[in-house]
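So you can see what is in the structure, the chains are spelled out below.
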Amino acid sequence: MSKFYTDEKNALIIIALLKANGIRKVIASPGATNVSFVASVQHDPFFEVYSAVDERSAAYMACGLAHESSEPVVISCTGATASQNYTPGLIEAYYRKLPVLAITSTQIVAKVGHHVAQVTDRSELPNDTQRISLELPIVKDDDDWWECEVKVNQAILELKRAGGGPVHINLPTRYSRSYDTKTLPTCRVLNRFTTTDKLPELKGRVAVFIGAHRPFSPEETEAIDRFCSSNNAVVFCDHTSSYKGKYRLLYSLAASQDQMDLASDKPDVTIHIGEVTGDYAGMGMIGKEVWRVSEDGEIRDTFRKLRYVFEMDEKTFFERYTAPNEAPSDQYLKHCQARLKEMQQEVPEIPFSNIWVAQQTAHKIPEGSVIHFGILNSLRSWNLFELPKSVSSMSNVGGFGIDGGLSSLIGASLANPNRLYFGIIGDLAFFYDMNALGNRHAGNNLRIMVINNGKGTEFRQYNHVVAHFGDQADEFISASGHYGNKSPTLIKHYAQDLGFKYLSASSKAGYEAVYREFLAKDAGGRSVVFEVFTDSEEESRALEMIRNIKKDHKKNAKVAVRRVLGDRSVNTMKKFLKS
């Protein structure tokens, strides 16, 4: 009977990526748990498969074969104690930097610790037996596929990274008996480059996407600007990106439109730099392919489109891809600027909310100031509107918690006592961290705005996953009613008793009457707490209005069809659009 490949998708991904990377040498030890992998490579003439009964011997054979051939070698074993017998040979490989990929097959990991025969715990391995150890999932859906594909790429790349060495993959099996898969899946191949490598060609429309980033030096900004000019590129930013060069696009207002087809605005290739981003709208502007640039060289597949990783500093990357004699080009920048201007000119009159406050205030923040934003609602609201170029901004998007925004602001303010430090924070985040306001080192350069809607209003936004619970969400999910339930005096007395100047507003007129005092450089030698009372329903309405400035007939039609049909009938959708 003819045999082909297993139908176990995790094994198929491994085999496909081994072939894509030219890794053909396999030393297999006998067993039942690794049959899906071994039987599949056995019937593929691409692979050179050798047999070794003793796993200890197999690992040492791999050391000799890898050294002599200068190629990576795969070793495969079954469950029980088989993998432990690899240990001496893997230690040898570790200290000699030999590229040995140990694939230890196992029953499902959930069985560990339940006295199931031949199931051992491989979660903790000696440090000097592998550069990394990765556990693959049983692939049941797209998320499992993505996890498996990325981890196998990571394992293969680590075989030669920083001089190379052994890598461990723990491969669970379902003991499938089906070997009818005739063609291997097409898997995404990731590659890593360093400064000494020949770099791939950059083609098509290009954009840089910057997550949270430390301040750029003038030289780094200049390198990005020259790169963009040479490649007709743009830089998509938010208020944590730190880039203030010519090609900056604070694009959240355009990117967040629910009813606009922005396909013509998107790049082919996205250069991803920086760290975690809170610009969820901007993430919709990612291109077909992502190139990650970072000195850490780690695989960060944030957008699930990663193709290349460049383990180098950003300035070097941008300089390597800047053609010195290329004529300057900014057509893409002008296209996106025109789109953004169109949106800005059609912003409707929105209700009193965090978004309204941002619209009225962002451009008036004093020159040379620093501003910190609370995560989610505050950051999203202010990302819609540009700040003065000399204003620095950030948000605690690293851990993305609400627990330390006020402390971070006060800590930053200590570095420059003569500079104003603004903070825009929600009521729950304020009360979570309110003790920091009493720190004896807090100076007179703080301007703290508390958007008090009496709850975690994020959970009451019209487009949130729990929006359908309505008012029921208030009881527990959005934590409504705590901390004085929008008391007009609680924060007031606390702030005043600590020596802060206190302001408040609960309407547009009230805000316009006092906001200049909040922005003033001199507040009588005191820091300021400005409490702005908003309504959760108005916050949601403001967000919905700002995300629906522009309407696109065809996109609306597609949305309507999906609501009726789901994704069941593409042809039906096409017929509907033609009619």
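Residues numbered from 1 in each chain as written. Predicted model: local features only at pLDDT ≥ 70, side-chain atom pairs only at ≥ 80, totals over all residues. Heavy atoms only, no water.

Asks: Please set out the overall build of the protein chain residue by residue, giving values where relevant.
Replies: Check the secondary structure of the protein chain and you find 18 helices and 19 strands. Counting only C-alpha atoms, the protein chain reaches 85 × 60 × 55 Å along its principal axes. In the protein chain, which comprises 579 residues, the share counted as buried stands at 52%. Once local pairs closer than 6 in sequence are excluded, the contacts in the protein chain between residues at least 24 apart make up 74%. (Helix = DSSP H or I, 4+ residues; strand = E, 2+ residues; numbered from the N terminus. Buried < 20%, exposed > 50% of the residue type's maximum accessible area, 1.4 Å probe, protein only. Contact = heavy atoms within 4.5 Å.)

Asks: Hey, could you go over the environment of Phe310 for me, with residue numbers and the actual values?
Replies: As for its position among the elements, Phe310 is in strand S13 (residues 306-311). You can call Phe310 buried: its relative accessible area is 0%. Separated by 117 residues in sequence, Phe310 and Phe193 have C-alpha atoms that sit 4.8 Å apart. Among all residues touching Phe310, those that are not within four sequence positions of it are Phe193, Leu199, Pro200, Trp291, Arg292, Val293, Ser294, Phe317 and Tyr321.

Asks: Got a sec to walk through the confidence of the model for the protein chain? Specific residues and values, please.
Replies: Chain-level pLDDT for the protein chain is 93 on average; 95% of the residues reach the 70-or-more range. Throughout residues 559-579 the model reports pLDDT below 50, and contacts reaching past four residues in sequence, or to other chains, amount to 11 contacts. (pLDDT = per-residue confidence, 0-100.)

Asks: Let's hear about empty space enclosed by the protein: which residues, and what values?
Replies: Summed over all chains, the structure comprises one cavity of 30 Å³ or more. Surrounding the largest cavity, Glu8, Asn10, Ala11, Thr33, Asn34, Ser36, Phe37, Ser105, Leu171, Pro172 and Thr173 form its lining. Breaking the lining of the largest cavity down by element, the ones donating at least two residues are helix H1 (9-20), helix H2 (35-42) and strand S6 (167-172). (1 Å grid on protein atoms, 1.4 Å probe; cavity = no way out; pocket = protein on both sides within 12 Å on 5 of 7 lines; lining within 4 Å. Points joined across faces, edges and corners; volume = space filled by probe spheres on them.)

Asks: Please set out the side chain of Ser478 residue by residue, giving values where relevant.
Replies: Mapped onto the secondary structure, Ser478 falls in the loop between strand S17 (446-452) and helix H14 (490-497). According to the relative accessible area criterion, Ser478 is buried, its value standing at 0%. One polar contact links Ser478 to Asp474, side chain to side chain, over a distance of 3.0 Å. Contact partners of Ser478, with chain neighbours within four places excluded, come to Leu428, Lys455, Gly456, Phe459, Arg460 and Ala473. (Polar contact = N/O pair within 3.5 Å; in protein donor to acceptor, adjacent residues only side chain to side chain.)

Asks: Describe the nonpolar core, with residues and values.
Replies: One finds Phe227, Phe236, Ile271, Phe310, Trp382, Tyr511 and Phe530 to be the most contacted residues of the largest nonpolar core, which totals 93 residues. With 34 residues, the next largest nonpolar core counts Ile13, Ala28, Val152 and Leu159 among its residues. (Core = buried A, V, L, I, M, F, W, Y, C linked by side-chain atoms within 4.5 Å.)

Asks: Lay out the sheet that holds strand S14 (residues 370-373) with the relevant residues and their values.
Replies: Sheets are built from strands paired through backbone hydrogen bonds, the pairs being either parallel or antiparallel. Within the open sheet, the six strands sit side by side as S15-S14-S16-S17-S19-S18. Their pairing is parallel. The open sheet is flanked by strand S15 (392-395) and strand S18 (501-505), the only strands paired with a single partner. Recorded for the sheet is a direction-independent mean angle of 15 degrees between the axes of neighbouring strands. In terms of strand pairing, S14 meets strand S16 (residues 421-426) through four bridges, oriented parallel. (Pairing = 2+ DSSP bridges. Axes fitted to C-alpha atoms, helices over the stretch in contact; angles between N-to-C directions.)

Asks: Go over the pattern of salt bridges, please, and point to the residues and values.
Replies: Inspection of the entire model under this criterion finds 34 salt bridges. One salt bridge connects Arg226 with Glu319, and the closest N-O pair in it is separated by 3.9 Å. Placement of Arg226 in helix H6 (residues 218-231) and of Glu319 in helix H8 (residues 314-320) is noted, with a sequence separation of 93 residues between them. Looking at Arg226, the relative accessible area reads 35%, which means it is partly exposed. Overall, the relative accessible area of 35% leaves Glu319 in the partly exposed class. (Salt bridge = Lys/Arg side-chain N within 4 Å of Asp/Glu carboxyl O.)

Asks: Can you lay out the packing of aromatic side chains for me, pointing to particular residues and giving the numbers?
Replies: For the coordinates displayed, the defined rule picks out 27 aromatic pairs. Pairing Tyr511 with Tyr515 gives two aromatic rings, centres 5.7 Å apart and planes at 5 degrees, and the pair type is stacked. Taken together, the residues span about one helical turn, with Tyr511 and Tyr515 both in helix H15 (residues 508-519) at a distance of four residues. For Tyr515, a relative accessible area of 8% gives the class buried. One residue, Arg24, lies across the ring of Phe46, its end atom 4.1 Å from the ring centre. (Phe/Tyr/Trp six-rings, centres within 6.5 Å; stacked < 30°, edge-to-face > 60°. Lys NZ or Arg CZ within 6 Å of the ring centre and 35° of its normal.)

Asks: How would you sum up H1? Please name residues and give values.
Replies: The periodicity of an α-helix, 3.6 residues per turn, causes residues three or four places apart in sequence to face the same way. For H1, which comprises 12 residues, the first-to-last C-alpha distance of 16 Å matches the rise-based estimate of 16 Å (1.5 Å per residue) to within 8%. Burial of H1 is extensive: nine of the 12 residues sit out of reach of the surface. Inspection of H1 places Asn10, Ala11, Leu12, Ile13, Ile14, Ile15, Ala16, Leu17 and Leu18 among the buried residues, and these make up the whole buried set. At its buried positions, H1 is contacted by H2, strand S3 (73-77), strand S4 (100-106), helix H5 (142-158) and S6. A positive backbone phi angle near 70 degrees is found at Gly22, which sits one or two residues after H1. (Expected span 1.5 Å × (residues − 1).)

Asks: A description of the packing of helix H10 (residues 354-361) against H15 should follow, citing residues and the corresponding values.
Replies: Running from amino to carboxyl end, H10 crosses H15 at an angle of 50 degrees, the nearest separation of the two axes being 12 Å. Taken together, the axes of H10 and H15 are oblique relative to one another. As H10 packs across H15, the resulting crossing turns out to be right-handed. Here Trp356, Val357 and Thr361 of H10 lie close against H15, whose contacting residues are Lys508, Tyr511, Glu512 and Leu519. Across the contact of H10 with H15, the residue classes tally to four nonpolar, one polar and two charged. (Parallel < 35°, antiparallel > 145°, perpendicular 65-115°, else oblique. Left-handed = near helix turned anticlockwise from the far one by under 90°. Nonpolar A, V, L, I, M, F, W, Y, C, P; charged D, E, K, R; others polar.)

Asks: Please give an account of the sheet that holds strand S9 (residues 234-237) that cites residues and values.
Replies: One open sheet accounts for seven strands, arranged S7-S13-S12-S11-S8-S9-S10; its pairing is parallel. Either end of the sheet is taken by a strand with one partner, and the two such strands are strand S7 (191-193) and strand S10 (248-250). Recorded for the sheet is a direction-independent mean angle of 25 degrees between the axes of neighbouring strands. Alignment of S9 against S10, held across three bridges, turns out to be parallel. For Phe236, the partnering residue across the bridge sits in S10 and is Leu249. Against the sheet, H6 touches strand S8 (206-210), S9 and strand S11 (269-273), its axis set at about 125 degrees to S9.

Asks: Before we move on, can you summarise the state of the cysteines with the specific residues and values?
Replies: Within the structure shown, the criterion is met by zero disulfides. Here Cys77 stays unpaired: no disulfide links it, and the sulfur of Cys63, its closest cysteine neighbor, is 15 Å away. Residue Cys336 stays outside any disulfide, its sulfur separated by 11 Å from that of Cys228, the closest cysteine. (Disulfide = S-S within 2.5 Å.)

Asks: Break down the pairing of S8 for me, with residues and values.
Replies: Counting buried residues in S8 gives five out of five residues, a clear majority hidden from the surface. Residues Val206, Val208 and Ile210 line one face of S8 and the alternating positions Ala207 and Phe209 line the opposite face, and both faces are buried. Both S8 and S11 contribute to a ladder of five bridges, which runs parallel. Residue pairing across strands places Val206 opposite Val269, the latter belonging to S11. As a crossover connection, the stretch from S8 through H6 into S9 is right-handed. (Right-handed = clockwise from strand over helix to strand, strands pointing away.)

Asks: Could you give me a rundown of the side chain of Arg339, with the residues and numbers involved?
Replies: Relative to the helices and strands, Arg339 is located in helix H9 (residues 331-345). Arg339 sits in the buried class, given a relative accessible area of 12%.

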